[in-house]
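# Residue-level structure breakdown
So you can see what is in the structure, the chains are spelled out below.
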Amino acid sequence: MLPFTPDTTIVGSLFERFDTAPEANTISTGQHTPVSINTADNSPEPPEIIKDISAPAPDKPFDRYICLFLIWFVSALVLFVRKITMYQSFLKYMNAGSTEVSDIKILNLLSDCKEKLNIKASVELSQNSLTASPIMTGFIRPDIILPVGELKDKELSYIFIHELTHCRQKDLLYKWLIQFVVCIHWFNPFVYLLETEVNKACELACDEKVISLLDHKARREYGDTLISFIKTGNPYKSSLASLTLTEGAEQLKERLGAIINFKKKSKTIIAATAVFSTAICICFFAMGAYAVSGNKTTWKDREIQNEVLTEDGVYYIFCDGAEEKDKPQASVTAGNIQFVLVRKGSYTTVGPFPNSETLLEDVVKQCEQMKSLTAAEKELIMKTAAGIGGISSSSPSYAKLLTYKTENYLDQSVADFNAALASTPDELTELLAAQADVINTISPYDENYDFFATTMNLSTNELYCEKMGEEFTYFASISKMSWPLEELNEGEIMYDFNCFVDLQVTYSISKPELLTVAKREQTLLTFREEMQNYLDSLSEAEITAGAIDGSIKAALTDEAAKLADSLSGEAMTLSFEITLIDIADEGEIYAIQ
(Lines give C-alpha, C1' and ligand atoms only; values in the text may rest on other atoms or scores of the structure.)
Protein backbone atom coordinates (compact mmCIF):
# COMPACT_ATOMS: atom_id res chain seq x y z
CA MET A 1 0.00 0.00 0.00
CA LEU A 2 2.95 2.36 0.55
CA PRO A 3 3.74 4.72 -2.35
CA PHE A 4 7.48 4.59 -1.61
CA THR A 5 9.98 1.81 -1.12
CA PRO A 6 13.69 1.01 -1.42
CA ASP A 7 15.04 1.05 -4.97
CA THR A 8 15.81 -2.68 -4.96
CA THR A 9 12.99 -5.02 -3.98
CA ILE A 10 12.20 -8.67 -4.55
CA VAL A 11 8.73 -8.18 -6.00
CA GLY A 12 9.98 -5.09 -7.85
CA SER A 13 12.14 -7.24 -10.09
CA LEU A 14 9.04 -9.19 -11.17
CA PHE A 15 7.38 -5.98 -12.37
CA GLU A 16 10.42 -4.44 -14.05
CA ARG A 17 9.08 -5.21 -17.51
CA PHE A 18 5.89 -3.33 -16.73
CA ASP A 19 7.81 -0.15 -15.92
CA THR A 20 10.12 -0.42 -18.93
CA ALA A 21 7.50 -1.23 -21.55
CA PRO A 22 8.15 0.99 -24.61
CA GLU A 23 5.84 3.89 -25.34
CA ALA A 24 4.95 5.30 -28.75
CA ASN A 25 6.19 8.88 -28.49
CA THR A 26 6.63 11.13 -31.50
CA ILE A 27 8.32 14.49 -31.14
CA SER A 28 8.30 16.65 -34.21
CA THR A 29 11.44 18.37 -35.45
CA GLY A 30 11.59 22.12 -34.95
CA GLN A 31 11.32 24.20 -38.12
CA HIS A 32 13.93 26.78 -37.10
CA THR A 33 17.38 25.41 -36.31
CA PRO A 34 19.55 28.06 -34.66
CA VAL A 35 23.32 28.06 -35.07
CA SER A 36 25.54 28.42 -32.00
CA ILE A 37 28.91 30.17 -32.20
CA ASN A 38 32.03 28.53 -30.76
CA THR A 39 33.67 31.29 -28.76
CA ALA A 40 37.06 29.62 -28.89
CA ASP A 41 37.67 29.76 -32.66
CA ASN A 42 34.63 31.76 -33.90
CA SER A 43 33.57 28.87 -36.11
CA PRO A 44 29.89 27.98 -36.22
CA GLU A 45 28.86 24.88 -34.33
CA PRO A 46 26.78 22.18 -35.98
CA PRO A 47 23.07 22.96 -35.76
CA GLU A 48 20.82 21.40 -33.15
CA ILE A 49 20.02 17.82 -34.02
CA ILE A 50 16.63 16.35 -33.18
CA LYS A 51 15.98 12.78 -34.15
CA ASP A 52 12.71 10.89 -33.95
CA ILE A 53 13.57 7.28 -33.33
CA SER A 54 10.09 6.06 -32.52
CA ALA A 55 8.69 3.35 -34.72
CA PRO A 56 5.20 1.87 -35.00
CA ALA A 57 4.81 -1.08 -32.66
CA PRO A 58 1.29 -2.45 -33.00
CA ASP A 59 2.17 -5.80 -31.45
CA LYS A 60 4.20 -4.57 -28.49
CA PRO A 61 3.41 -6.03 -25.04
CA PHE A 62 2.59 -2.50 -23.86
CA ASP A 63 -1.03 -2.84 -25.05
CA ARG A 64 -1.51 -5.94 -22.91
CA TYR A 65 -0.28 -4.08 -19.84
CA ILE A 66 -2.69 -1.25 -20.52
CA CYS A 67 -5.54 -3.77 -20.68
CA LEU A 68 -4.42 -5.41 -17.44
CA PHE A 69 -4.20 -2.02 -15.77
CA LEU A 70 -7.71 -1.08 -16.91
CA ILE A 71 -9.10 -4.42 -15.72
CA TRP A 72 -7.49 -3.92 -12.32
CA PHE A 73 -8.53 -0.27 -11.99
CA VAL A 74 -12.14 -0.76 -13.10
CA SER A 75 -12.56 -3.80 -10.84
CA ALA A 76 -11.10 -1.96 -7.85
CA LEU A 77 -13.31 1.07 -8.50
CA VAL A 78 -16.48 -1.01 -8.91
CA LEU A 79 -15.70 -2.97 -5.75
CA PHE A 80 -15.08 0.19 -3.74
CA VAL A 81 -18.27 1.86 -5.00
CA ARG A 82 -20.20 -1.32 -4.17
CA LYS A 83 -18.89 -1.30 -0.60
CA ILE A 84 -19.82 2.38 -0.19
CA THR A 85 -23.30 1.61 -1.54
CA MET A 86 -23.67 -1.33 0.85
CA TYR A 87 -22.69 0.88 3.76
CA GLN A 88 -25.21 3.55 2.80
CA SER A 89 -27.90 0.88 2.36
CA PHE A 90 -27.10 -0.53 5.79
CA LEU A 91 -27.35 2.88 7.43
CA LYS A 92 -30.72 3.55 5.79
CA TYR A 93 -31.93 0.12 6.91
CA MET A 94 -30.88 0.73 10.51
CA ASN A 95 -32.09 4.33 10.66
CA ALA A 96 -35.50 3.32 9.37
CA GLY A 97 -36.26 1.24 12.47
CA SER A 98 -34.25 3.10 15.11
CA THR A 99 -35.73 5.13 17.94
CA GLU A 100 -33.73 7.28 20.32
CA VAL A 101 -33.36 5.95 23.88
CA SER A 102 -34.88 8.38 26.35
CA ASP A 103 -34.61 6.33 29.54
CA ILE A 104 -32.60 8.52 31.96
CA LYS A 105 -31.28 5.49 33.84
CA ILE A 106 -29.81 3.93 30.70
CA LEU A 107 -28.38 7.27 29.52
CA ASN A 108 -26.74 7.82 32.91
CA LEU A 109 -25.22 4.35 32.71
CA LEU A 110 -23.78 5.19 29.28
CA SER A 111 -22.42 8.46 30.67
CA ASP A 112 -20.74 6.60 33.56
CA CYS A 113 -19.09 4.17 31.12
CA LYS A 114 -17.84 7.07 28.97
CA GLU A 115 -16.37 8.73 32.03
CA LYS A 116 -14.72 5.47 33.11
CA LEU A 117 -13.03 5.15 29.70
CA ASN A 118 -12.27 8.89 29.52
CA ILE A 119 -14.28 9.36 26.31
CA LYS A 120 -15.48 12.93 25.82
CA ALA A 121 -16.87 12.60 22.29
CA SER A 122 -20.65 12.58 21.83
CA VAL A 123 -22.11 9.06 21.46
CA GLU A 124 -25.74 8.56 20.48
CA LEU A 125 -27.88 5.73 21.83
CA SER A 126 -30.90 4.16 20.12
CA GLN A 127 -32.96 0.96 19.90
CA ASN A 128 -33.89 -1.05 16.83
CA SER A 129 -36.14 -4.08 16.47
CA LEU A 130 -34.26 -5.14 13.29
CA THR A 131 -31.10 -6.16 15.15
CA ALA A 132 -30.68 -8.96 17.66
CA SER A 133 -27.23 -7.91 18.87
CA PRO A 134 -25.83 -4.53 19.91
CA ILE A 135 -24.23 -2.67 17.01
CA MET A 136 -22.16 0.47 16.75
CA THR A 137 -22.30 2.56 13.55
CA GLY A 138 -21.03 5.94 12.47
CA PHE A 139 -17.42 6.97 12.13
CA ILE A 140 -17.78 10.69 12.84
CA ARG A 141 -20.96 10.45 14.98
CA PRO A 142 -20.88 7.08 16.80
CA ASP A 143 -24.26 5.52 17.48
CA ILE A 144 -24.78 2.47 19.71
CA ILE A 145 -27.89 0.58 18.58
CA LEU A 146 -29.45 -1.78 21.14
CA PRO A 147 -31.90 -4.58 20.36
CA VAL A 148 -35.45 -4.12 21.65
CA GLY A 149 -36.03 -5.90 24.94
CA GLU A 150 -35.23 -5.82 28.62
CA LEU A 151 -31.51 -5.73 29.42
CA LYS A 152 -30.01 -5.86 32.91
CA ASP A 153 -27.81 -3.02 34.10
CA LYS A 154 -24.72 -5.26 34.12
CA GLU A 155 -25.41 -6.43 30.57
CA LEU A 156 -25.84 -2.84 29.48
CA SER A 157 -22.62 -1.76 31.17
CA TYR A 158 -20.67 -4.57 29.44
CA ILE A 159 -22.25 -3.65 26.10
CA PHE A 160 -21.42 0.04 26.56
CA ILE A 161 -17.84 -0.63 27.67
CA HIS A 162 -17.32 -3.01 24.73
CA GLU A 163 -18.67 -0.63 22.08
CA LEU A 164 -17.03 2.44 23.61
CA THR A 165 -13.70 0.58 23.62
CA HIS A 166 -14.16 0.01 19.89
CA CYS A 167 -14.79 3.73 19.54
CA ARG A 168 -11.72 4.68 21.57
CA GLN A 169 -9.44 2.31 19.64
CA LYS A 170 -10.74 3.60 16.25
CA ASP A 171 -11.58 0.05 15.17
CA LEU A 172 -13.99 1.30 12.51
CA LEU A 173 -11.03 3.05 10.90
CA TYR A 174 -9.16 -0.29 10.74
CA LYS A 175 -12.20 -1.96 9.23
CA TRP A 176 -12.48 0.65 6.48
CA LEU A 177 -8.74 0.53 5.89
CA ILE A 178 -8.86 -3.20 5.30
CA GLN A 179 -11.83 -2.72 2.96
CA PHE A 180 -9.72 -0.28 0.94
CA VAL A 181 -6.88 -2.81 0.85
CA VAL A 182 -9.30 -5.48 -0.37
CA CYS A 183 -10.42 -3.18 -3.19
CA ILE A 184 -6.85 -2.40 -4.27
CA HIS A 185 -5.68 -6.04 -4.03
CA TRP A 186 -8.96 -7.70 -5.04
CA PHE A 187 -7.07 -10.29 -7.13
CA ASN A 188 -5.05 -11.55 -4.13
CA PRO A 189 -6.83 -14.35 -2.19
CA PHE A 190 -4.65 -13.79 0.87
CA VAL A 191 -6.12 -10.31 1.31
CA TYR A 192 -9.53 -11.81 2.08
CA LEU A 193 -7.89 -13.96 4.76
CA LEU A 194 -6.26 -10.78 6.04
CA GLU A 195 -9.71 -9.14 6.19
CA THR A 196 -11.02 -11.94 8.39
CA GLU A 197 -8.00 -11.83 10.66
CA VAL A 198 -8.15 -8.05 11.12
CA ASN A 199 -11.85 -8.20 12.05
CA LYS A 200 -11.08 -10.99 14.49
CA ALA A 201 -8.11 -9.09 15.94
CA CYS A 202 -10.28 -6.00 16.50
CA GLU A 203 -12.71 -8.02 18.61
CA LEU A 204 -10.00 -9.86 20.55
CA ALA A 205 -8.16 -6.61 21.27
CA CYS A 206 -11.40 -5.02 22.41
CA ASP A 207 -12.20 -7.97 24.69
CA GLU A 208 -8.69 -7.86 26.13
CA LYS A 209 -9.03 -4.19 26.94
CA VAL A 210 -12.46 -4.69 28.56
CA ILE A 211 -11.55 -7.68 30.74
CA SER A 212 -8.33 -6.00 31.90
CA LEU A 213 -10.71 -3.74 33.86
CA LEU A 214 -12.74 -6.63 35.35
CA ASP A 215 -12.23 -9.20 38.10
CA HIS A 216 -12.66 -12.97 37.59
CA LYS A 217 -16.41 -12.98 38.34
CA ALA A 218 -17.09 -10.00 36.12
CA ARG A 219 -15.19 -11.67 33.26
CA ARG A 220 -17.53 -14.66 33.48
CA GLU A 221 -20.53 -12.35 33.40
CA TYR A 222 -19.04 -10.57 30.38
CA GLY A 223 -18.69 -13.95 28.63
CA ASP A 224 -22.29 -14.83 29.50
CA THR A 225 -23.38 -11.55 27.89
CA LEU A 226 -21.64 -12.51 24.66
CA ILE A 227 -23.28 -15.96 24.69
CA SER A 228 -26.75 -14.52 25.29
CA PHE A 229 -26.60 -12.53 22.06
CA ILE A 230 -25.16 -15.33 19.90
CA LYS A 231 -28.24 -17.46 20.69
CA THR A 232 -30.49 -15.16 18.70
CA GLY A 233 -30.06 -14.83 14.94
CA ASN A 234 -29.22 -11.47 13.47
CA PRO A 235 -31.52 -10.65 10.52
CA TYR A 236 -28.98 -8.21 9.04
CA LYS A 237 -25.27 -8.86 9.28
CA SER A 238 -22.65 -6.50 7.89
CA SER A 239 -19.14 -6.62 9.32
CA LEU A 240 -18.16 -3.95 6.81
CA ALA A 241 -20.44 -1.27 8.12
CA SER A 242 -20.53 -1.77 11.86
CA LEU A 243 -18.95 -3.08 15.02
CA THR A 244 -21.11 -5.79 16.53
CA LEU A 245 -20.90 -7.42 19.92
CA THR A 246 -20.89 -10.95 18.43
CA GLU A 247 -20.28 -12.13 14.86
CA GLY A 248 -20.41 -15.91 14.90
CA ALA A 249 -20.06 -19.05 16.98
CA GLU A 250 -16.52 -19.93 15.86
CA GLN A 251 -15.21 -16.47 16.67
CA LEU A 252 -17.12 -16.45 19.95
CA LYS A 253 -15.44 -19.72 20.94
CA GLU A 254 -12.01 -18.16 20.43
CA ARG A 255 -13.01 -15.01 22.27
CA LEU A 256 -14.35 -16.96 25.28
CA GLY A 257 -11.12 -18.98 25.37
CA ALA A 258 -9.11 -15.77 25.41
CA ILE A 259 -11.29 -14.43 28.25
CA ILE A 260 -10.83 -17.58 30.34
CA ASN A 261 -7.06 -17.75 29.79
CA PHE A 262 -6.44 -14.00 30.03
CA LYS A 263 -3.16 -12.99 31.61
CA LYS A 264 -1.64 -9.55 31.63
CA LYS A 265 1.46 -9.40 29.44
CA SER A 266 4.80 -8.67 31.06
CA LYS A 267 6.96 -5.77 29.94
CA THR A 268 9.44 -8.26 28.45
CA ILE A 269 6.75 -9.82 26.25
CA ILE A 270 5.52 -6.39 25.14
CA ALA A 271 9.06 -5.27 24.24
CA ALA A 272 9.81 -8.50 22.37
CA THR A 273 6.55 -8.21 20.44
CA ALA A 274 7.36 -4.63 19.44
CA VAL A 275 10.83 -5.60 18.19
CA PHE A 276 9.49 -8.61 16.27
CA SER A 277 6.68 -6.56 14.70
CA THR A 278 9.12 -3.85 13.61
CA ALA A 279 11.40 -6.46 12.03
CA ILE A 280 8.47 -7.99 10.15
CA CYS A 281 7.36 -4.57 8.84
CA ILE A 282 10.87 -3.75 7.62
CA CYS A 283 11.14 -7.16 5.95
CA PHE A 284 7.90 -6.79 3.99
CA PHE A 285 8.62 -3.13 3.25
CA ALA A 286 11.83 -4.22 1.51
CA MET A 287 10.41 -7.20 -0.38
CA GLY A 288 6.76 -6.43 -1.02
CA ALA A 289 6.57 -3.20 -2.97
CA TYR A 290 7.83 -2.08 -6.34
CA ALA A 291 10.00 1.01 -6.63
CA VAL A 292 8.25 2.96 -9.37
CA SER A 293 11.04 5.51 -9.62
CA GLY A 294 14.72 5.07 -8.93
CA ASN A 295 18.10 5.98 -10.27
CA LYS A 296 19.75 3.66 -12.73
CA THR A 297 22.75 2.22 -10.94
CA THR A 298 24.74 -0.15 -13.11
CA TRP A 299 25.57 -0.19 -16.77
CA LYS A 300 28.50 -2.39 -17.63
CA ASP A 301 31.85 -0.68 -18.34
CA ARG A 302 30.34 2.80 -18.24
CA GLU A 303 30.13 5.65 -15.77
CA ILE A 304 26.61 6.66 -14.75
CA GLN A 305 25.59 9.39 -12.29
CA ASN A 306 22.10 10.79 -11.79
CA GLU A 307 20.82 9.34 -15.07
CA VAL A 308 23.78 10.75 -17.02
CA LEU A 309 25.91 8.30 -18.96
CA THR A 310 29.38 9.36 -20.09
CA GLU A 311 31.11 7.76 -23.07
CA ASP A 312 34.28 9.29 -24.61
CA GLY A 313 33.28 12.93 -24.19
CA VAL A 314 29.57 12.36 -24.97
CA TYR A 315 27.17 12.98 -22.06
CA TYR A 316 23.87 11.12 -22.52
CA ILE A 317 21.19 12.75 -20.34
CA PHE A 318 18.17 10.47 -19.88
CA CYS A 319 14.76 12.02 -19.26
CA ASP A 320 11.07 11.26 -19.83
CA GLY A 321 11.60 7.65 -18.70
CA ALA A 322 14.23 6.98 -21.40
CA GLU A 323 16.52 3.96 -21.05
CA GLU A 324 19.75 2.68 -22.54
CA LYS A 325 17.89 1.14 -25.49
CA ASP A 326 16.70 4.66 -26.46
CA LYS A 327 20.28 5.96 -26.59
CA PRO A 328 21.61 6.78 -30.10
CA GLN A 329 25.20 6.19 -31.22
CA ALA A 330 27.24 9.41 -30.99
CA SER A 331 30.90 10.38 -31.07
CA VAL A 332 32.92 13.55 -30.69
CA THR A 333 36.43 14.69 -31.57
CA ALA A 334 38.94 14.11 -28.80
CA GLY A 335 39.08 17.06 -26.42
CA ASN A 336 35.51 18.18 -27.13
CA ILE A 337 32.31 17.63 -25.17
CA GLN A 338 28.83 16.93 -26.51
CA PHE A 339 25.48 16.53 -24.76
CA VAL A 340 22.71 14.24 -25.98
CA LEU A 341 19.30 14.63 -24.33
CA VAL A 342 17.66 11.20 -24.68
CA ARG A 343 13.87 10.90 -24.53
CA LYS A 344 11.63 7.96 -25.20
CA GLY A 345 11.44 7.91 -28.98
CA SER A 346 13.66 10.92 -29.74
CA TYR A 347 16.86 12.71 -28.81
CA THR A 348 18.40 16.19 -29.11
CA THR A 349 22.12 16.91 -29.52
CA VAL A 350 23.75 20.03 -28.05
CA GLY A 351 27.34 20.87 -28.96
CA PRO A 352 30.07 19.80 -29.39
CA PHE A 353 32.06 22.23 -27.26
CA PRO A 354 35.79 22.48 -26.52
CA ASN A 355 36.68 21.25 -23.04
CA SER A 356 37.55 24.65 -21.61
CA GLU A 357 36.60 27.05 -18.85
CA THR A 358 33.95 28.60 -21.14
CA LEU A 359 31.99 25.34 -21.39
CA LEU A 360 29.04 26.41 -19.25
CA GLU A 361 28.84 29.82 -20.94
CA ASP A 362 28.79 28.17 -24.39
CA VAL A 363 26.15 25.65 -23.33
CA VAL A 364 23.92 28.35 -21.85
CA LYS A 365 24.14 30.42 -25.06
CA GLN A 366 23.17 27.52 -27.30
CA CYS A 367 20.41 26.23 -25.00
CA GLU A 368 18.78 29.65 -24.76
CA GLN A 369 18.40 29.73 -28.56
CA MET A 370 16.94 26.22 -28.92
CA LYS A 371 13.16 26.61 -28.97
CA SER A 372 12.62 22.87 -29.29
CA LEU A 373 13.91 22.31 -25.74
CA THR A 374 11.61 22.86 -22.79
CA ALA A 375 12.77 24.98 -19.87
CA ALA A 376 13.20 21.85 -17.75
CA GLU A 377 15.31 20.16 -20.44
CA LYS A 378 17.52 23.24 -20.80
CA GLU A 379 18.05 23.31 -17.05
CA LEU A 380 18.94 19.61 -17.07
CA ILE A 381 21.60 20.13 -19.75
CA MET A 382 23.03 23.22 -18.07
CA LYS A 383 23.20 21.48 -14.69
CA THR A 384 25.10 18.61 -16.30
CA ALA A 385 27.52 21.08 -17.90
CA ALA A 386 27.96 22.89 -14.59
CA GLY A 387 28.98 19.65 -12.92
CA ILE A 388 31.85 19.05 -15.36
CA GLY A 389 35.23 20.24 -14.13
CA GLY A 390 34.16 21.46 -10.71
CA ILE A 391 36.47 24.52 -10.85
CA SER A 392 34.72 26.41 -8.04
CA SER A 393 34.20 23.48 -5.69
CA SER A 394 37.90 22.55 -5.78
CA SER A 395 39.21 26.03 -4.96
CA PRO A 396 40.52 26.86 -1.45
CA SER A 397 38.19 29.86 -1.25
CA TYR A 398 35.15 27.68 -1.97
CA ALA A 399 36.17 25.14 0.67
CA LYS A 400 36.91 27.84 3.24
CA LEU A 401 33.60 29.67 2.86
CA LEU A 402 31.62 26.45 2.75
CA THR A 403 32.65 25.71 6.36
CA TYR A 404 30.24 28.46 7.45
CA LYS A 405 27.32 26.55 5.94
CA THR A 406 26.51 24.67 9.12
CA GLU A 407 23.41 22.57 9.61
CA ASN A 408 21.57 25.36 11.44
CA TYR A 409 23.16 28.45 9.90
CA LEU A 410 19.76 29.81 8.80
CA ASP A 411 18.54 29.73 12.41
CA GLN A 412 21.54 31.71 13.70
CA SER A 413 21.14 35.39 14.45
CA VAL A 414 22.70 37.80 11.97
CA ALA A 415 24.93 39.06 14.80
CA ASP A 416 26.35 35.59 15.55
CA PHE A 417 26.71 34.56 11.91
CA ASN A 418 28.51 37.75 10.84
CA ALA A 419 30.75 37.73 13.91
CA ALA A 420 31.93 34.21 13.05
CA LEU A 421 32.96 35.32 9.54
CA ALA A 422 35.48 38.00 10.49
CA SER A 423 36.44 39.78 13.70
CA THR A 424 39.56 41.68 12.57
CA PRO A 425 40.37 43.89 9.54
CA ASP A 426 42.79 41.27 8.18
CA GLU A 427 40.16 38.53 8.45
CA LEU A 428 37.66 40.79 6.70
CA THR A 429 40.11 41.42 3.85
CA GLU A 430 40.67 37.68 3.39
CA LEU A 431 36.93 37.04 3.56
CA LEU A 432 36.11 39.62 0.89
CA ALA A 433 38.82 38.23 -1.40
CA ALA A 434 37.56 34.66 -0.97
CA GLN A 435 33.95 35.72 -1.60
CA ALA A 436 34.96 37.60 -4.77
CA ASP A 437 36.93 34.57 -5.98
CA VAL A 438 33.97 32.21 -5.50
CA ILE A 439 31.32 34.52 -6.98
CA ASN A 440 33.46 35.09 -10.10
CA THR A 441 33.85 31.35 -10.77
CA ILE A 442 30.82 29.59 -9.31
CA SER A 443 28.14 28.18 -11.58
CA PRO A 444 24.51 29.20 -11.04
CA TYR A 445 23.76 25.46 -11.04
CA ASP A 446 26.13 24.68 -8.20
CA GLU A 447 24.20 23.15 -5.27
CA ASN A 448 25.70 25.80 -2.93
CA TYR A 449 25.13 28.74 -5.26
CA ASP A 450 22.28 30.23 -3.18
CA PHE A 451 24.42 30.08 -0.04
CA PHE A 452 27.28 32.02 -1.66
CA ALA A 453 25.18 34.38 -3.80
CA THR A 454 22.68 35.27 -1.07
CA THR A 455 23.81 34.45 2.48
CA MET A 456 27.54 35.10 2.10
CA ASN A 457 27.02 38.01 -0.27
CA LEU A 458 24.73 39.81 2.19
CA SER A 459 26.91 39.11 5.22
CA THR A 460 30.22 40.12 3.59
CA ASN A 461 28.57 43.28 2.26
CA GLU A 462 27.21 44.13 5.71
CA LEU A 463 30.63 43.63 7.32
CA TYR A 464 32.26 45.82 4.67
CA CYS A 465 29.60 48.55 5.05
CA GLU A 466 30.02 48.53 8.84
CA LYS A 467 33.78 48.93 8.41
CA MET A 468 33.32 51.82 5.94
CA GLY A 469 30.42 53.45 7.81
CA GLU A 470 28.02 52.97 4.91
CA GLU A 471 24.40 51.81 4.68
CA PHE A 472 23.55 48.21 3.85
CA THR A 473 22.39 47.84 0.24
CA TYR A 474 20.75 45.09 -1.79
CA PHE A 475 20.30 45.35 -5.57
CA ALA A 476 16.96 43.91 -6.66
CA SER A 477 16.84 44.06 -10.45
CA ILE A 478 13.66 42.87 -12.20
CA SER A 479 12.76 42.43 -15.87
CA LYS A 480 9.99 41.51 -18.31
CA MET A 481 10.77 40.24 -21.83
CA SER A 482 8.90 38.74 -24.77
CA TRP A 483 10.14 36.14 -27.27
CA PRO A 484 13.23 37.06 -29.35
CA LEU A 485 12.66 39.12 -32.47
CA GLU A 486 15.88 37.84 -34.04
CA GLU A 487 19.14 36.14 -33.12
CA LEU A 488 22.30 38.07 -33.97
CA ASN A 489 25.47 36.48 -35.28
CA GLU A 490 27.39 37.09 -32.08
CA GLY A 491 24.88 35.05 -30.11
CA GLU A 492 23.11 38.14 -28.77
CA ILE A 493 19.32 38.24 -28.79
CA MET A 494 17.04 41.09 -29.86
CA TYR A 495 13.71 40.89 -28.02
CA ASP A 496 10.34 42.15 -29.27
CA PHE A 497 9.88 43.86 -25.92
CA ASN A 498 11.98 44.22 -22.81
CA CYS A 499 11.79 46.19 -19.61
CA PHE A 500 14.57 46.35 -17.01
CA VAL A 501 14.15 48.00 -13.62
CA ASP A 502 17.05 48.48 -11.21
CA LEU A 503 15.99 48.82 -7.57
CA GLN A 504 18.50 49.64 -4.86
CA VAL A 505 17.17 48.53 -1.47
CA THR A 506 18.76 50.20 1.54
CA TYR A 507 18.12 48.39 4.81
CA SER A 508 19.14 48.77 8.41
CA ILE A 509 19.29 46.11 11.12
CA SER A 510 18.67 47.66 14.51
CA LYS A 511 18.61 44.40 16.45
CA PRO A 512 20.89 41.86 14.71
CA GLU A 513 20.76 39.60 17.74
CA LEU A 514 16.99 39.15 17.25
CA LEU A 515 17.05 38.76 13.45
CA THR A 516 17.83 35.32 12.02
CA VAL A 517 19.77 34.80 8.81
CA ALA A 518 16.70 33.13 7.29
CA LYS A 519 14.43 36.09 8.16
CA ARG A 520 16.89 38.60 6.69
CA GLU A 521 17.07 36.67 3.42
CA GLN A 522 13.33 36.06 3.29
CA THR A 523 12.62 39.79 3.73
CA LEU A 524 14.93 40.92 0.94
CA LEU A 525 14.10 38.12 -1.48
CA THR A 526 10.37 38.63 -0.89
CA PHE A 527 10.76 42.31 -1.80
CA ARG A 528 12.36 41.36 -5.11
CA GLU A 529 9.90 38.54 -5.87
CA GLU A 530 6.84 40.66 -5.16
CA MET A 531 8.15 43.52 -7.30
CA GLN A 532 8.82 41.01 -10.10
CA ASN A 533 5.27 39.68 -9.74
CA TYR A 534 3.92 43.23 -9.96
CA LEU A 535 5.91 43.95 -13.12
CA ASP A 536 4.73 40.65 -14.64
CA SER A 537 1.12 41.64 -13.91
CA LEU A 538 1.44 44.73 -16.12
CA SER A 539 0.88 44.27 -19.84
CA GLU A 540 3.46 45.41 -22.39
CA ALA A 541 1.06 48.13 -23.54
CA GLU A 542 0.63 49.44 -19.98
CA ILE A 543 4.39 49.55 -19.45
CA THR A 544 5.05 51.34 -22.75
CA ALA A 545 2.24 53.84 -22.13
CA GLY A 546 3.61 54.46 -18.64
CA ALA A 547 7.06 55.08 -20.09
CA ILE A 548 5.65 57.68 -22.51
CA ASP A 549 3.68 59.67 -19.94
CA GLY A 550 6.08 59.00 -17.05
CA SER A 551 3.54 57.15 -14.89
CA ILE A 552 5.42 53.85 -14.84
CA LYS A 553 7.98 55.11 -12.34
CA ALA A 554 5.25 56.44 -10.06
CA ALA A 555 3.40 53.12 -10.21
CA LEU A 556 6.55 51.11 -9.41
CA THR A 557 7.46 53.56 -6.64
CA ASP A 558 4.03 53.29 -4.98
CA GLU A 559 4.12 49.49 -5.10
CA ALA A 560 7.68 49.34 -3.74
CA ALA A 561 6.82 51.79 -0.95
CA LYS A 562 3.87 49.70 0.22
CA LEU A 563 5.95 46.56 0.03
CA ALA A 564 8.92 48.04 1.93
CA ASP A 565 6.59 49.28 4.66
CA SER A 566 4.88 45.88 5.05
CA LEU A 567 8.21 44.02 5.23
CA SER A 568 9.84 46.37 7.74
CA GLY A 569 9.76 45.34 11.37
CA GLU A 570 11.28 45.97 14.78
CA ALA A 571 14.62 44.37 13.92
CA MET A 572 14.93 45.36 10.25
CA THR A 573 13.65 48.29 8.16
CA LEU A 574 13.70 48.77 4.39
CA SER A 575 13.85 51.77 2.06
CA PHE A 576 14.51 51.84 -1.68
CA GLU A 577 15.40 53.86 -4.74
CA ILE A 578 14.58 53.13 -8.39
CA THR A 579 17.84 53.95 -10.17
CA LEU A 580 16.89 53.03 -13.74
CA ILE A 581 13.91 51.98 -15.86
CA ASP A 582 14.99 50.84 -19.33
CA ILE A 583 12.22 49.92 -21.81
CA ALA A 584 12.54 48.86 -25.48
CA ASP A 585 9.40 48.29 -27.58
CA GLU A 586 9.50 47.79 -31.36
CA GLY A 587 12.69 49.77 -31.75
CA GLU A 588 11.59 52.60 -29.44
CA ILE A 589 13.81 52.95 -26.37
CA TYR A 590 12.77 54.71 -23.15
CA ALA A 591 15.28 55.26 -20.35
CA ILE A 592 14.05 56.75 -17.09
CA GLN A 593 16.65 57.61 -14.43
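Heads up: these notes are all about the structure in this document. (Residues numbered from 1 in each chain as written. Predicted model: local features only at pLDDT ≥ 70, side-chain atom pairs only at ≥ 80, totals over all residues. Heavy atoms only, no water.)

## Examining the packing of helix α15 (residues 425–441) against helix α16 (residues 449–468)
Helix packing for two helices is described by the angle between their axes and how far apart those axes are. Viewed as axis vectors pointing N to C, α15 and α16 meet at an angle of 145°, and their least axial separation amounts to 10 Å. The way α15 lies across α16 gives a crossing that is left-handed. Contacts between α15 and α16 involve Pro425, Leu428, Leu431, Leu432, Gln435, Val438 and Ile439 from the first element and Phe452, Ala453, Met456, Asn457, Thr460, Leu463, Tyr464 and Lys467 from the second. Classifying every residue of the contact of α15 with α16 by side-chain character gives eleven nonpolar, three polar and one charged. (Axes fitted to C-alpha atoms, helices over the stretch in contact; angles between N-to-C directions. Helix = DSSP H or I, 4+ residues; strand = E, 2+ residues; numbered from the N terminus. Left-handed = near helix turned anticlockwise from the far one by under 90°. Contact = heavy atoms within 4.5 Å. Nonpolar A, V, L, I, M, F, W, Y, C, P; charged D, E, K, R; others polar.)

## A short note on the packing of aromatic side chains
Applying the stated criterion across every chain, the model contains 13 aromatic pairs. Geometrically, the ring pair formed by Tyr87 and Trp176 is edge-to-face, given 5.2 Å between the ring centres and 90° between the ring planes. Here Tyr87 is found in helix α3 (residues 62–96), whereas its partner Trp176 is found in helix α6 (residues 171–184), with 89 residues between them in sequence. When sorted by exposure, Tyr87 lands in the same class as Trp176, which is buried. (Phe/Tyr/Trp six-rings, centres within 6.5 Å; stacked < 30°, edge-to-face > 60°. Buried < 20%, exposed > 50% of the residue type's maximum accessible area, 1.4 Å probe, protein only.)

## What to know about the environment of Gln127
By the secondary structure assignment, Gln127 is in strand β3 (residues 124–128). Spatially, the C-alpha atom of Gln127 lies 5.7 Å from that of Pro147, the residues being 20 residues apart in sequence. When neighbours within four sequence positions are excluded, Gln127 is seen to be in contact with Gly97, Ser98, Thr99, Val101, Ile145, Leu146, Pro147, Val148 and Gly149.

## Quick look at the nonpolar core
In terms of nonpolar packing, the biggest core is built from 36 residues, with Val501, Leu503, Tyr507 and Phe527 touching the most fellow members. Contributing elements (two or more residues each) for this core: α16, β12 (472–481), β15 (497–509), α17 (517–537), α18 (540–549), α19 (551–567), β16 (572–585) and β17 (588–592). In terms of residues, this core owes the most to one element, β15, which gives seven residues. Formed by 27 residues, the second largest nonpolar core is a distinct cluster that contains Leu117, Leu164, Leu214 and Leu226. (Core = buried A, V, L, I, M, F, W, Y, C linked by side-chain atoms within 4.5 Å.)

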